[in-house]
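The lines below spell out each chain.
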Amino acid sequence: MATGFFWDERCFWHAGGQYAYTMPIGGHVQPLAAGGLPENPETKRRLKNLIDVSGLAKDLDMRSAPEATREMLLRVHPESYLNEFKALSDAGGGELGRRTPFSTGGYEIAAQSAGLAVAAVQAVTTGELENAYALSRPPGHHCLPDFPNGFCLLANIAIAIEEAKAQGRANRVVVLDWDVHHGNGTEAIYYNRDDVLTISLHQEGNYPLDTGGFEDRGEGAGLGFNLNLPLPAGTGHSAYLHAMDSIVLPQIEAFQPDLIIVACGFDASAIDPMARMLATAQTFREMTQRVKDTAARLCEGRLVLVHEGGYSEAYVPFCGHATLEALSGSNITAPDPLAEALQVRQPNSRFDAFLKGEIDRFAEEL
């Protein structure tokens with residue numbers, strides 16, 4: 001069986017909004033000469049271009065997928081929200097939530113993005129593919145059922161999970177979110193449920209500002225099935241792997257899932273403009289390999305990665321390529337041009353010990 005790569009050109013056409021970085025244009029905020037929001041198509045397009053140029057695409061099963069249907073969306077989002085989104089999209093676009101602009105056709109493009117995640121999960125849970133990567137855009141892990149925020153318009157991963165559950169193809173699911181921002185949308189959707197374990201590794205005090213605390217463990221039936229690991233700014237390669245080995249993988253092992261989904265953001269990289277972490281392409285390669293090995297032990301290898309954030313147009317493609325190398329087992333590489341420089345910039349031994357101590361403290365309190 002092969003590794004699937006689900007993508008669609010239409011996802012690169014998602015656009016809208018008058019922003020300079022995340023600041024609305026106007027007053028003293030001057031428009032940027034190029035681009036607006038940091039969530040733009042180039043990080044994703046350049047990842048797709050790199051796997052084409054390197055030849056890695058030849059080792060992947062390259063596919064598109066249909067839009068997620070209304071029925072699929074309604075399992076997560078209320079009809080009132082979908083109606084408002086669709087009407088504004090048809091009228092030329094606008095903004096419904098916080099930093100979530102879209103233009104004409106934005107509803108259909110968001111449904112396309114969710115559809116890629118749905119199709120990736122379907123192909124893996126039916127045994128058609130060993131594992132898969134969905135290059136979804138717009139992203140989804142910040143989207144609440146009725147409130148889009150953080151560039152996310154539909155909850156792509158939750159939509160894919162609920163479709164798999166409705167079809168009887170998954171029962172116990174882990175969502176591991178290593179995007180540098182807290183996966184508040186996914187957390188909110190599953191906060192009261194014990195059939196989906198949500199784990200978020202993120203930079204402490206980044207975005208959102210009011211969610212992502214370690215103490216938030218779920219409620220009701222979901223108590224103990226939500227885990228946040230807010231890591232200090234400056235966390236690097238070694239401490240990320242320590243968090244995986246000492247907390248994340250044991251928690252997944254204890255849960256015994258039949259499917260693992262990774263909310264795969266690359267914004268924890270060392271040169272991302274929206275974070276202050278020190279992960280490298282090698283970090284993402286090794287985290288992917290660890291999760292892949294865990295999926296092989298626990299759930300017949302059923303693993304899907306769904307693209308979330310990552311805002312360095314130059315570096316995201318190399319992080320993504322390394323991830324896909326590990327996911328597929330391909331020998332085709334795209335050497336990291338910043339590997340040596342970023343190795344020098346890793347935390348020194350004293351700070352690394354502090355970081356690992358914080359992670360060990362979390363482990364003791366579980």
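Up top is the structure these notes are about.
Residues numbered from 1 in each chain as written. Predicted model: local features only at pLDDT ≥ 70, side-chain atom pairs only at ≥ 80, totals over all residues. Heavy atoms only, no water.

(A) Up close: the nonpolar core. In this structure, Y133, W178, M244 and L324 are the most contacted members of the largest nonpolar core, which totals 60 residues. Considering each element in turn, this core owes the most residues, ten residues, to helix 7 (residues 237-255). (Core = buried A, V, L, I, M, F, W, Y, C linked by side-chain atoms within 4.5 Å. Buried < 20%, exposed > 50% of the residue type's maximum accessible area, 1.4 Å probe, protein only. Helix = DSSP H or I, 4+ residues; strand = E, 2+ residues; numbered from the N terminus.)

(B) Spotlight on the pattern of salt bridges. For the structure on display, the rule yields 23 salt bridges. A salt bridge links K86 to D90, with the shortest nitrogen-to-oxygen separation between them at 3.2 Å. Of this pair, K86 and D90 both sit in helix 3 (residues 79-90), four residues apart, which is roughly one turn of that helix. Residue classification places D90 among the partly exposed positions, given a relative accessible area of 49%. As a salt-bridge pair, K86 and E108 come within 2.4 Å of each other at their nearest N and O atoms. Separated by 22 residues along the polypeptide, K86 in helix 3 and E108 in helix 4 (residues 106-125) bring together distant segments of the chain. Connected through shared salt-bridge partners, E162, K165, R193 and D195 make up one network. (Salt bridge = Lys/Arg side-chain N within 4 Å of Asp/Glu carboxyl O.)

(C) Quick look at the packing of aromatic side chains. Taken as a whole, this structure holds ten aromatic pairs when the rule is applied. Here the aromatic rings of F225 and F255 are separated by 6.0 Å at their centres, their planes lie at 70°, and the arrangement is edge-to-face. Taken together, the positions of F225 in the loop between strand 9 (196-203) and strand 10 (226-231) and F255 in helix 7 put the pair 30 residues apart, joining distant regions of the chain. Grouping aromatic residues by their ring pairs yields a cluster made of Y81, F85, F102 and Y107. Taking NZ or CZ as reference, K48 lies 4.1 Å from the ring centre of W7, over its face. The side chain of R172 reaches across the aromatic face of F255, ending 4.0 Å from its centre. (Phe/Tyr/Trp six-rings, centres within 6.5 Å; stacked < 30°, edge-to-face > 60°. Lys NZ or Arg CZ within 6 Å of the ring centre and 35° of its normal.)

(D) Here's a closer look at unusual backbone geometry. Following R137, the chain continues into P138 via a peptide bond in cis, with omega recorded as 5°. Along the chain, the position of P138 falls in the loop between strand 7 (131-134) and helix 5 (156-166). Cis geometry is found at the peptide bond from Y207 to P208, where omega equals -15°. Along the chain, P208 falls in the loop between strand 9 and strand 10.

(E) View of the state of the cysteines. As enumerated under the stated definition, the model contains zero disulfides in all. Considering cysteine sulfurs only, C152 is the nearest to C11, which forms no disulfide, with 13 Å between them. Here C11 falls in the buried class, since its relative accessible area comes to 0%. (Disulfide = S-S within 2.5 Å.)

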